[in-house]
Every structure is written in C-alpha cells, then in structure tokens.
Amino acid sequence: MPGIAFSNFREHRRLFTGAILAVALGVALMQSSLSVMAAVSEARIPAGLSGQARERIQDAYAGAATLLGMTVMLAGFLALFIVGSTFAFTVAQRRRELALLRLAGASRPQIVLLLVAEAALLGTAGATAGVLLGVPGTWAQAWLLVAFGFLPGGVSPHLNGGIMLASACVGLTVALLGVLTAARRAALVRPLEALRDTGRAARVMTVARWVFGLSSLAFVIWLVAAAQTGRVDVLGAMLIAMTVSVVGAVALSLLSPLVVPLVGGLLGLAVRRSTFGELAQANLRDSVRRSASTAAPLIVLVSLVVGLMGTLASLGRMAGEEQKRIVAGDLVVDSTGAEASRVAAVPGVAVASPQATVPIAVTVGHGAYRRTYYSGIVAVDPAAYRRTYRRAPRSGSLAALRGRTIAVGPGMSEEGLRRGGVAVARVGERRVRLRIVAVMAPVLENGADGFILPRELIPEDVIAKAPTRTVVQVAPGTPPSAVAERIRAARIGTVRTVAKWADAEADAQQKGNEAIFAVLVGLGGLYAAVAVVNAVVIAGAERKAEFAVVRLTGMSRPQVVRMALIEAAAVTAIGLFLGLLVAAGALAGIGAAAVRAVGTPLVAVPWELLGLLVPGAFIVTGVASAWSTLSATRVPPVTLATARE
C-alpha cells in the first residue's frame, strides 16, 4: 500500500500541489509566530527606563503576543479548512480510479489506508517545506511587527528545534485530519456507482454535511436575532458578530453545493442572453462540486475579513460618538500644563477643565494581586471635571474627590477595584496613601483614563510639564469658533471642536485595528488565493475531454476560454455575495447595539478593503481559469475525444 500511495502521489502531484502549499504556509506561519512569541517572552526590558516607558514596552509585548496568537489560530483554521476541502475535491475527482481499485480487489479499509498514506506523504512534504520556509519567515515577521509598531526594536528571534518539530507535527496532523472524512466517504461508495457516477457517488450533500451545515446556519440565525434584542450590550454584540463571521462562513461553505446553484440560477438570468453565458450557467448547475469548491474559500475570506474588520471599525465609530455625548464642552485644547493654565483667562471661556496626564505611579491590591500602573493617570480639577463630564460614576461620587483620594477611571473600571479601597501613589520621592472614592463606568474608548486624582496632590512643576487636555465650555452667546481663534492667537496648544477631537481619537483607534488586520487579511487572502487557484487548476485538468467535445461542436479555443472565464466570474460573484451576506448578518447586531448605546445605527463597512478584495478575487480566479483552460485545450480535441480512460 505505501508503494501504491507513493506512485499515486507522484502521478497526481498537480492535484496535491495546493494542499501541500496550504500545509507549508500553515507550518511556516505557526513556526515563525511561535518563534517570535518565544523571543518576546524572553526579551528583557532595558534597565534605566522610566515606569511609563517600561509599561509601554510591556503593553507592546502583550499586544504582539495577542496578534501572534490570532495568527496561529487563523493559520490552523484556514490550513485545516483548505486541506480538507482540497482533499474532498481531489478524492471526488478520482472516484473512477478508486472504483477500479475496489473492483481489482481492494477492500474499504485498504482504500482508507491508501488515502491516509497519501495524506501522510502530502503532510510530510508540506511540513518539510513549511519548516524551511519558516526560517526566513521568522525574521520577516519580526521585522513586520516592528515596522507596524507592534514591537519595539531589539527583539531577536532565534531558531528553536522544539518549535520547528511541533510546527511540523501540526502540519502533518492537519493533512491527516483533512483526509479522514473524504477517505471514509470514498470507501463507502460502491465501485459500480463510482464508475457510473450514480447513487452515493453522485450525491454531493452527505448526511454529515446536511446536519452540520443546517445546525450551524440555524445557530447563526438565532445569534443574529438575539443580537437585535435589548438584552445584548456592545461587548455581547461584538462577540456575537465575531461568532457569526466564523460559524456563518462554515455553514454556507458546507451548504455551498445547495446555495451556489440557487444563486447561480439568479445570476444566469443576466448571462443567459449569450451562448457562452448559457453554457456557463449549465456548468454551474451540473458541476456543483467544482463550483462549490471554488466559492467556499471566497465565502470564508469575505465573511471573516469584512465581518471582523467591520465590527472593530464600528466599535471605533461608536467610541467616537460616545465621547461626543460624554464630554460636555465646545472645544478641546491639547497643550502642556503650563499652557493650559492660561485657557481660563481667554475671553469667552466659561469653564476650562484641564486634565493632565501625570508621570506618577499608582499601586493597588496587595500580596500576589499587587500591581503598579504608570500610565493613564490623570490629575483634574474635580469641580470643573464634574461640569464637563456627563457620565455619573458606577459607584461612589466625584464630589468626594478632594484631598488624599482617587477615582478609578473608565479604563480600569473592570479590574475589580471598589469604592472604599486603598491605592498608593508615588509622586516623586513621596508615597501617598489614597482612598478610592468613586469607580467610573466603562467606556468604549481603548485609551480611557485609568485613574483620576485631584490636581492638588501633584506638584506644580510636574503639572506644568505634563501633557494636558482641556475641555472648554464657552460663554452663552459666544461663538465657539471665535474662542478657538483667540486660543490659537494666544498660542495655547492645539484647539479643536469636541466633535473633531472625538473623530480623531476614533480614527487613531481604528488605525491600530487596521494594522492588525493588514496582517490577518494578508494571511487570509493568501490562503484563499491558494484554495481558489487549486480548485480551478484541479477542475481544469479534469475537463480536457469536456472541452474537447465542446470544440468538436464548433467552438474555437478562445471561445472555450471565454466560456470558462464567464463561469469563473459567476462563481466568484456567488462566493463574494454569500460572504457579504454572512458579514451583513454579523454587522446587523453591531448596528442594533449602536442604537442602544449611542442612539444611532453606526455600522462601518470597510469599503476600501472591499475595493481591493473584490477585483482581486476576480483577477485571481480569472487568471487561474484562463491558464488552466488554455493548458487543458492545448491537445487537439480529436485526440482527447477518442482517448480511452
């Protein structure tokens, strides 16, 4: 059996190329990500840095580890999905060959063993290539993380034999898991049914596919409906949207043999006017397995990318809108503390509420739960702060914020700190014991203040140098634009309206999300391209006789290529449409949560990403289809039509 498996693997190497590449990419990404994660965990923060600088580096390491973990999970999911779908399509294309083996005396367990042996060869080849590719990939990934600002310079990953072995084992396991379902189904098909393409061999939708596809779809519909209810907050809506993006993609991929022909029938109304369009529609209807295998990776790519990125972008817009509602002011001035002290004297200013981010340390907790924070610590004028901040504390009162007291800001309100607790602030050489008098309600903004304390506790020389944001309320009857011009004329920092400031904060938050998705979208796009090209190439290699018959009826070679391009474009459109349908379901819950949170249905659709994704998908499928069709029609049609299988 191993000899036959090796012979088949060598003979069908074109069919296995896509799966080998998928395994290699998965192994390389896992190896490089795990190697960089190991380097991050071993990295030492340089001595002599301030507490704020150390905390920034620690946060960067934590963010990079999160991104790398997401990369590993996404790579594993996509590798398993693509290898499994590729094997299923490959085994289906070889059903006559496997039927002949059954007729020659091979038993069902032997057929399964043969396909598993082929998968082991495929996994070994892919894992070996992936380990080799992962060596330069490790350095490239570390460089990209530094270039995107996720990591500080100085992180030097090194080769780790354990990580390389573990990544290779994962690649081999992915290949073996990917073939099991296809191998079991191939063994259950009766050989005569496979030769005649009837019965179980002709059935695309298996019982397992029906069960898992319909149950996943029902679960997604229930989640979308649940997200519309008032019982789901913004965090719950975000988790639902992410779940819908993943599970919905899997559901429609499993049901694609049903959905693709249905949607293809609708598209056929537009292309039925031409002969080539009619032929393309007939191929979509009759070659369900081929069309579904091409559309499935596009469904997964679009639903994941658009759904997840749209969710995070919508949260950013909600955070900006929330800030507009929370901050009760007309202008926001960014300056130093010394400059901020002059804002109140500007004509037309009714209230000036300076909020200085001070370089002190705050320690909370005790024993093993003791932790020190160096950033997000804001010194405010309590009376002015209460007038320019609309949201009331979740517990306690800001009216008690005076003397040796402190409030837990919205950025730390989920850390379990309670009113009546104690925090210790280190201000220069002094250690001041502070009583927690209020805990603010959480907000959507990522960079929300962590701790709020009275300005009177901070020395004036520290306040003067601290970066300060001042919320300004102008006097009744005074145009805010006039006050803004006076502040600029006095050369007091940068002044913006509250709306423009909130939008800028939301844009800054979104840029961080876009940097993350630049990595994940590139990964997902690469995998989808591999899967689509592989499906088109496999299908083209098996359509030589079909193309030959069509050419013998009078069609020229360019006309056959044109027919294949129309078919590929239709399948691409179907895959994109179904993926967008899943993404729309994911974003529907975000829109409902936005209405409940900020009063308006804020949904951010990543149009720029779609502007790259849609034409890119058509280009990839079109080029792959044209190339495979030209390759399949290179031999004279009479030769192929009269050839015996």
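This structure is a prediction, so every number in the text was calculated from the model and none was measured.

Cut-off values and rules
Residues numbered from 1 in each chain as written. Predicted model: local features only at pLDDT ≥ 70, side-chain atom pairs only at ≥ 80, totals over all residues. Heavy atoms only, no water. Helix = DSSP H or I, 4+ residues; strand = E, 2+ residues; numbered from the N terminus. Buried < 20%, exposed > 50% of the residue type's maximum accessible area, 1.4 Å probe, protein only. Contact = heavy atoms within 4.5 Å. Salt bridge = Lys/Arg side-chain N within 4 Å of Asp/Glu carboxyl O. Pairing = 2+ DSSP bridges. Axes fitted to C-alpha atoms, helices over the stretch in contact; angles between N-to-C directions. Parallel < 35°, antiparallel > 145°, perpendicular 65-115°, else oblique. Nonpolar A, V, L, I, M, F, W, Y, C, P; charged D, E, K, R; others polar. Phe/Tyr/Trp six-rings, centres within 6.5 Å; stacked < 30°, edge-to-face > 60°. Core = buried A, V, L, I, M, F, W, Y, C linked by side-chain atoms within 4.5 Å. Patch = residues over 30% accessible without salt bridge, like charges linked within 9 Å, V, L, I, M, F, W, Y side chains within 5 Å. Areas by Shrake-Rupley, 256 points an atom, 1.4 Å probe, with all protein chains shown as cover.

*Asks:* Help me out: how do you make sense of the overall build of the protein chain in this one?
*Replies:* The number of helices and strands found in the protein chain is 21 helices and 12 strands. Expressed as a percentage of its 645 residues, the buried residues of the protein chain come to 50%. For the protein chain, the share of sequence-separated contacts (at least 6 apart) that also reach a separation of at least 24 residues comes to 84%.

*Asks:* I tried to follow the pattern of salt bridges on my own but got confused; where do I start?
*Replies:* When their charged atoms lie close together, side chains carrying opposite charge are able to pair. Applying the stated criterion to the full structure yields six salt bridges. A salt bridge links D449 to R469; the shortest N-O distance between them is 3.9 Å. Of this pair, D449 sits in the loop between strand 9 (430–439) and strand 10 (451–454) while R469 sits in strand 11 (residues 467–474), and the two are 20 residues apart along the sequence. Residue D449 is classed as buried on the basis of its relative accessible area of 14%. E485 serves as the salt-bridge partner of R488, at 3.0 Å between the closest nitrogen and oxygen. On the criterion of helical spacing, the pair formed by R488 and E485 is a turn pair, its members being three residues apart in helix 16 (residues 480–489).

*Asks:* Please explain unusual backbone geometry as it appears in this structure.
*Replies:* The general pattern is negative phi for most residues beyond glycine and trans for most peptide bonds. Look at R491: it is not a glycine, yet its phi comes out positive at around 55°. On the basis of relative accessibility, which here comes to 71%, the residue R491 falls in the exposed class.

*Asks:* Would you explain the pairing of strand 9 in this entry?
*Replies:* Two faces belong to every sheet, and in a regular strand the side chains alternate between them. For strand 6 (residues 395–396) and strand 9, the ladder comprises two bridges, and the chain directions are antiparallel. Each bridged residue has a counterpart across the sheet, and for S395 the counterpart in strand 9 is V439. The pairing of strand 7 (residues 405–408) with strand 9 spans four bridges and is classified as parallel. Bridging from a neighbouring strand, I406 pairs with I436 of strand 9. In terms of strand pairing, strand 8 (residues 422–427) meets strand 9 through six bridges, oriented antiparallel. Residue pairing for strand 9: V427 is matched across the bridge by R430. As consecutive antiparallel partners, strand 8 and strand 9 are separated by two residues, and within that stretch G428 has a phi angle of approximately 65°, a positive value.

*Asks:* Got a minute to help me understand the packing of helix 9 (residues 234–254) against helix 12 (residues 288–326) in this structure?
*Replies:* Packed helix pairs are characterised by how far apart their axes lie and by the angle those axes make with each other. Packing of helix 9 against helix 12 brings their axes to within 8 Å, and their N-to-C directions diverge by 170°. Between helix 9 and helix 12, the crossing angle belongs to the class labelled roughly antiparallel. Across from V234, M238, A241, M242, S245, V246, A249, L252 and S253 in helix 9, the residues of helix 12 making contact are A296, I299, V300, S303, L304, G307, L308, T311, L312, L315 and M318. Along the lines of polarity and charge, the residues of the contact of helix 9 with helix 12 split into 15 nonpolar, five polar and no charged.

*Asks:* What am I meant to see in the packing of aromatic side chains here?
*Replies:* Pairs of aromatic rings are described using the distance from one ring centre to the other and the angle between the two planes. Considering all chains together, one arrives at three aromatic pairs under this definition. A centroid spacing of 6.2 Å and a plane angle of 20° characterise the contact between F219 and W222, whose relative ring orientation is stacked. With F219 and W222 both in helix 8 (residues 207–227), this residue pair falls three residues apart, about one helical turn. Taking the relative accessible area as the measure of exposure, W222 reaches 55% and is therefore exposed. On the numbers, 5.2 Å between centres and 15° between planes, the contact of Y385 with Y389 is stacked.

*Asks:* In this structure, what is going on with the nonpolar core? I would like to understand it.
*Replies:* In globular proteins that are soluble, nonpolar side chains generally tend to be buried together. Core analysis: the biggest nonpolar cluster contains 38 residues, and F87, L122 and Y527 have the highest contact counts within it. Contributions of two or more residues to this core are made by helix 2 (13–42), helix 3 (51–93), helix 5 (108–147), helix 6 (161–188), helix 12 and helix 17 (498–541).

*Asks:* What is the right way to read a nonpolar patch on the surface from this model?
*Replies:* The grouping of V207, W210, V211, F212, L214 and L258 at the surface amounts to a nonpolar patch, some 570 Å² of accessible area in total. Here the nonpolar patch gets five residues from one element, more than from any other, and that element is helix 8. Structurally, V207 is set in helix 8. Of the residues examined, V207 reaches a relative accessible area of 63% and is grouped as exposed.

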